[in-house]
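Structural description and commentary
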Amino acid sequence: MIPLAIPNMVGNEGKYLAKCIEDNFVSTVGPFVSEFENQLAKATDFQHAVVTSQGTTALHAGLVALGVDTNDLVIIPSLTFIATANSVAHCKAIPWLLDVAKDTWTLDPELLEQALEENCERSVDGITIYKATGQRVSAIMPVYAMGLAPDMDRICDIAEKWGIPVIADAAAALGTTYKGKPIGSTRAALTVMSFNGNKIITSGGGGALLSNDKALMDSVRHLTNTARKGPGYDHDVVGFNYRMTNIQAAVGVAQLENLEMFLTAKRTIGHRYAEAANDLETIAPFATAPWSEGNYWFSGIFLENWESEKIAKLSAYFKDNGVDARAFWKPIHLQKPYLHAPTNLTGVSDSIWERILPLPCSTQLTVDEQSHVLETLKNFLSEN
Ligand SMILES: *Cc1c(COP(=O)(O)O)cnc(C)c1O
């Protein structure tokens, strides 16, 4: 079976792991942790980075650092991985689910503006209130879908107008650019990444918060490190043990050394699928955006206008021919824990989610393997 997206350990991973054992730095103390933070900040052009145990824990700590609290609303796009919504729920807050734009699959800024204008007002002390329930809207969390940046300038303009902080879920977007620059140029208060096994680099599990705001990042580091004051056992708030270990960071540092090679491989694979999709009548390429060069974290085909039955048939056909290809994120408003969350939907995520079909795109995918994937697709189309 040609896998969808698997880790690629061709660099110094083994060597650096052996160093952790040799030096006996196997837990959260050790040089690879700060090395990984420094290299990440450099690669993304952020001034500060704090690494964590997972992407989800980074999102949670980030929301807490921004003051998100019980019963608040946090705006997120409905088309995302469940962790985006769960990190909000972990704060005992509620995700307010907005739809994505049809062309880019990322949070729709026009809808964001309209949803805020129709549903919210500013209180005398500047807090944005959801009028129907009196709840505070305490953060906006756009998502870099498939590694593609949302329209961050427009989203941040709207957020600034309403006095709401922005925390970007850029879990899978290492290497993505926004308006020609690394994403450290965007105005989000916090940007979060994940180094889970299926991302563009992995630390065998892990995450990071990135920002240009020193005071905010001091508070993030404090929260992720049990809110410990100094070397003793004095803690001033309820913190978390969300630190990354030296073992994870050792793998992360080694992976980061190969980032350019991974990005080139992902881009080449993504371009080939897009070209094939453009050549085939009933198939469309993945979304692109004029303001962002994505990292092609996932690439594949968009089965615009296809019936569910035919999509299932294609997935099964791929499987029978040794190709792992699966439907993508099921929107949050269709997930059992969030059926009662407030929504402003346009029908876009409902109509696209089953039609987004990622195809094998590991960085070590060979030209022949990708040819096999595309031949399989063409054979299916000629038979159906
Ligand atoms: C992977 C991912 C996460 C979660 O990261 P973990 O490290 O697996 O906790 C969150 N949001 C998005 C959009 C993701 O793709």
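Just so you know, the residues in each chain are numbered from 1, in the order the chain's sequence is written. Only residues with pLDDT of at least 70 get local features here, since the model is predicted, and only at 80 or more are side-chain atom pairs given and counted; chain-wide, interface and lining totals rely on the full set of residues. The side-chain values count all of the structure's non-hydrogen atoms but skip hydrogen atoms and water molecules.

Before going further, it helps to spend a moment on the overall build of the protein. A helix here means a DSSP run of H or I that spans at least four residues, while a strand means a run of E at least two residues long, and both kinds are numbered starting from the N terminus. Within the protein, the regular secondary structure consists of 12 helices and 16 strands. Along the first, second and third principal axes, the C-alpha atoms of the protein reach 65 × 60 × 35 Å. Within the protein, buried positions represent 55% of all 384 residues. Here the Shrake-Rupley method, with its probe set to 1.4 Å, supplies the accessible areas, and only the displayed protein chains count as covering residues. Counting every atom, the protein has about 16,300 Å² of accessible surface; 51% of that belongs to carbon and sulfur. Burial classes: relative accessible area under 20% of the type maximum marks a residue as buried, over 50% as exposed, and values in between as partly exposed (1.4 Å probe, protein chains only).

Okay, the site of the ligand next. Here a residue is near a molecule or strand as soon as one of its heavy atoms is found within 4 Å of it. Near the ligand, the surroundings consist of 16 residues, among which Gly55, Thr56, Asp169, Ser194 and Lys199 are the closest. Counted as a polar contact is a pair of N or O atoms within 3.5 Å, where, for protein atoms, one must be capable of donating a hydrogen and the other of accepting one, and residues adjacent in sequence contribute only when both atoms are in side chains. Threonine 56 has a polar side-chain atom sitting 2.5 Å from an oxygen atom of the ligand. Between the ligand and serine 194 there is a distance of 2.7 Å, counted from an oxygen atom to a side-chain nitrogen or oxygen. Protein coverage of the free-state accessible area of the ligand, which is 380 Å², stands at 93%.

Paired through backbone hydrogen bonds, the strands of a sheet run either parallel or antiparallel to each other. One bridge is not enough; two strands pair if DSSP finds at least two bridges between them. The sheet built from 6 strands is open, its strands ordered S4-S5-S6-S2-S3-S15 with mixed pairing. Lying at the two open borders of the sheet, with one neighbouring strand each, are strand S4 (120-122) and strand S15 (343-344). Pairing between strand S3 (residues 94-98) and S15: 2 bridges, direction parallel. When the bridges of S15 are listed, leucine 98 appears paired with asparagine 344. Between two residues, a contact is recorded if the distance between any of their heavy atoms is within 4.5 Å. Axis definition: a line fitted to C-alpha atoms, over the contacting stretch in the case of helices. Angles run 0 to 180 degrees between N-to-C directions. Taken strand by strand, helix H6 (residues 152-162) contacts S4, strand S5 (128-130) and strand S6 (135-140), and its axis lies near 55° from that of S4.

What follows deals with unusual backbone geometry. In this structure, asparagine 71 takes a positive phi of about 75° despite not being glycine. The backbone phi angle of asparagine 305 is positive, close to 70°, even though this residue is not glycine. Considering the arrangement of structural elements, one finds asparagine 305 in the loop between strand S14 (300-302) and helix H10 (308-320). For asparagine 305, a relative accessible area of 66% puts it in the exposed group.

Our focus in this paragraph is the environment of leucine 107. Tracing the backbone shows leucine 107 in the loop between S3 and helix H5 (109-119). Residues leucine 107 and isoleucine 76, spaced 31 residues apart in sequence, show a C-alpha to C-alpha distance of 7.6 Å. Sequence-distant contacts of leucine 107, that is, excluding residues within four places in its chain, are made with Pro77, Leu98, Asp99, Val100, Ala101, Leu112, Ile140, Pro142 and Ile155.

Our focus in this paragraph is the pattern of salt bridges. One speaks of a salt bridge when a side-chain nitrogen belonging to Lys or Arg is within 4 Å of a carboxyl oxygen belonging to Asp or Glu. One pass over the full model with this rule turns up 13 salt bridges. The network of salt bridges with common partners includes Asp153, Asp157, Glu160, Lys179 and Arg187.

By convention, a stacked pair of Phe, Tyr or Trp rings (six-membered ring in the case of Trp) has centres within 6.5 Å and planes under 30 degrees apart, an edge-to-face pair has planes over 60 apart, and any other such pair is tilted. Throughout the structure, instances matching the rule amount to 13 aromatic pairs. Ring plane angle 5° and centroid distance 4.7 Å describe the contact between phenylalanine 240 and tyrosine 242, whose orientation is recorded as stacked. Just as phenylalanine 240 is buried, tyrosine 242 falls in that class too. Between tryptophan 297 and phenylalanine 298, the aromatic rings sit 4.2 Å apart at their centres with planes inclined by 10°, giving stacked as the arrangement. Assessed through its relative accessible area of 2%, tryptophan 297 is described here as buried. Overall, the relative accessible area of 7% leaves phenylalanine 298 in the buried class. Among the aromatic residues, those joined into a ring-pair cluster are Trp297, Phe298, Phe328 and Trp329. Lysine NZ or arginine CZ positioned within 6 Å of the ring centre and within 35 degrees of the ring normal marks a charge as sitting over the ring. One Lys or Arg, lysine 310, reaches over the ring of tryptophan 306 and ends 4.3 Å from the middle of that ring.

The subject of this paragraph is the nonpolar core. The nonpolar core is taken to be a set of buried Ala, Val, Leu, Ile, Met, Phe, Trp, Tyr and Cys residues, with the residues joined through side-chain atoms within 4.5 Å. Counting residues in hydrophobic clusters, the biggest one holds 103 residues, and the most contacted among them are Phe36 and Trp96. It is helix H9 (residues 259-279) that contributes the most residues to this core, 7 residues altogether. The next biggest cluster of nonpolar side chains, apart from the first, holds 30 residues, and it includes Ala93, Ala139, Tyr242 and Ile332.

A few words on the confidence of the model for the protein. pLDDT runs from 0 to 100 and stands for how confident the predictor is about each residue. Per-residue pLDDT for the protein has a mean of 97; in total, 100% of the residues score no lower than 70. When pLDDT is averaged over each helix and strand of the protein, the minimum, 96, is found for strand S13 (residues 292-293) and the maximum, 99, for strand S2 (residues 73-77).

On the basis of which strands lie adjacent, the open sheet formed by 3 strands has the order S12-S14-S16 and antiparallel pairing. In the strand order of this sheet, the two ends are held by strand S12 (284-285) and strand S16 (356-358), each with one partner.

This next bit is on the environment of alanine 101. Following the sequence through the fold, alanine 101 ends up in the loop between S3 and H5. Separated by 49 residues in the primary sequence, alanine 101 and proline 150 place their C-alpha atoms 9.5 Å from one another. Excluding its chain neighbours within four sequence positions, the residues that come into contact with alanine 101 are Thr106, Leu107, Asp108 and Val348.

What follows is about the pairing of S3. Burial analysis of S3 places 4 of its 5 residues in the buried class, the great majority of the element. Classification remark: right-handed applies to a crossover when, strands pointing away from the viewer, the course from the first strand over the helix to the second runs clockwise. In this fold, S2 hands off to helix H4 (residues 82-90), which returns the chain to S3; that crossover is right-handed.

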